[in-house]
Amino acid sequence: MLRLFVKRSFSTSIKVLNAEVKVASTIASEIKSSCLAGTPLNLNIKKTGKEPIALEDKEYPEWLWTVLDTKTANGRAKSGKGTSVEESLLARKRQLRVETRKKIKQNNFLSQI
């Protein structure tokens, strides 16, 4: 009974996630910039510098619109909400554990010499 419940919940969630990805991709293709061309951006960091002004969407490179997409290990955009952040945190924890073990082993080896 439990096995049947688990299969159903995962199959439903996959369908929902796929639908959300389709909706998100259509929204992302429609919406580009959050400000109109010619709008001052208020990013002046130098006293003597000029105020940067927003350009037309077509004047920016295509890669700019994908900078904030979450990435997986193989470089493709991750679908789903929040899972990529959780996975990246877990991956970082694993990496820190491995590095810590290496340091401990190296210190133990050096203390034996």
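None of the values given here were measured: they were computed from a predicted structure. (Residues numbered from 1 in each chain as written. Predicted model: local features only at pLDDT ≥ 70, side-chain atom pairs only at ≥ 80, totals over all residues. Heavy atoms only, no water.)

Asker: Describe the overall build of the chain, naming the residues involved and giving the relevant values.
Answerer: A count of helices and strands for the chain gives two helices and zero strands. Burial status across the chain gives 2% buried among its 113 residues. The contacts of the chain with a sequence gap of at least 6 include a subset with a gap of at least 24, amounting to 21%. Looking at the chain as shown, the accessible area adds up to about 10600 Å², and 61% of this sits on carbon and sulfur atoms. (Helix = DSSP H or I, 4+ residues; strand = E, 2+ residues; numbered from the N terminus. Buried < 20%, exposed > 50% of the residue type's maximum accessible area, 1.4 Å probe, protein only. Contact = heavy atoms within 4.5 Å. Areas by Shrake-Rupley, 256 points an atom, 1.4 Å probe, with all protein chains shown as cover.)

Asker: Which residues make up the environment of Ala37, and what values do they have?
Answerer: Within the fold, Ala37 resides in the loop between α1 (2–30) and α2 (83–112). Since its relative accessible area comes to 43%, Ala37 is described here as partly exposed.

Asker: Tell me about a positive patch on the surface, and please be specific about residues and values.
Answerer: Positive charge collects at one region of the surface, where Lys93, Arg94, Arg97, Arg101 and Lys105 lie side by side. Inspection of the secondary structure puts Lys93 in helix α2. (Patch = residues over 30% accessible without salt bridge, like charges linked within 9 Å, V, L, I, M, F, W, Y side chains within 5 Å. Salt bridge = Lys/Arg side-chain N within 4 Å of Asp/Glu carboxyl O. Lys, Arg positive; Asp, Glu negative; His and termini not counted. Charge placed at Lys NZ, Arg CZ, Asp CG, Glu CD.)

Asker: Lay out the environment of Leu43 with the relevant residues and their values.
Answerer: Among the structural elements, Leu43 can be located in the loop between α1 and α2. Residue classification places Leu43 among the exposed residues on the basis of a relative accessible area of 54%. In the structure, Leu43 is positioned 10 residues away from Ile53 in sequence and 9.2 Å away in space, judged by C-alpha atoms. When neighbours within four sequence positions are excluded, Leu43 is seen to be in contact with Glu51 and Pro52.

Asker: With reference to specific residues and values, describe unusual backbone geometry.
Answerer: For Asn42, which is not glycine, the phi dihedral falls at a positive 55°. Assignment of secondary structure puts Asn42 in the loop between α1 and α2. Residue Asn42 is classed as exposed on the basis of its relative accessible area of 65%.

Asker: Tell me about the environment of Asn44, and name the residues and values.
Answerer: By secondary structure assignment, the location of Asn44 is in the loop between α1 and α2. The partly exposed category is assigned to Asn44, whose relative accessible area is 34%. Setting aside residues no more than four positions away along its own chain, Asn44 makes contact with Gly49, Lys50, Glu51 and Pro52. Separated by 3.1 Å, the side chain of Asn44 and the backbone oxygen of Gly49 make a polar contact. (Polar contact = N/O pair within 3.5 Å; in protein donor to acceptor, adjacent residues only side chain to side chain.)

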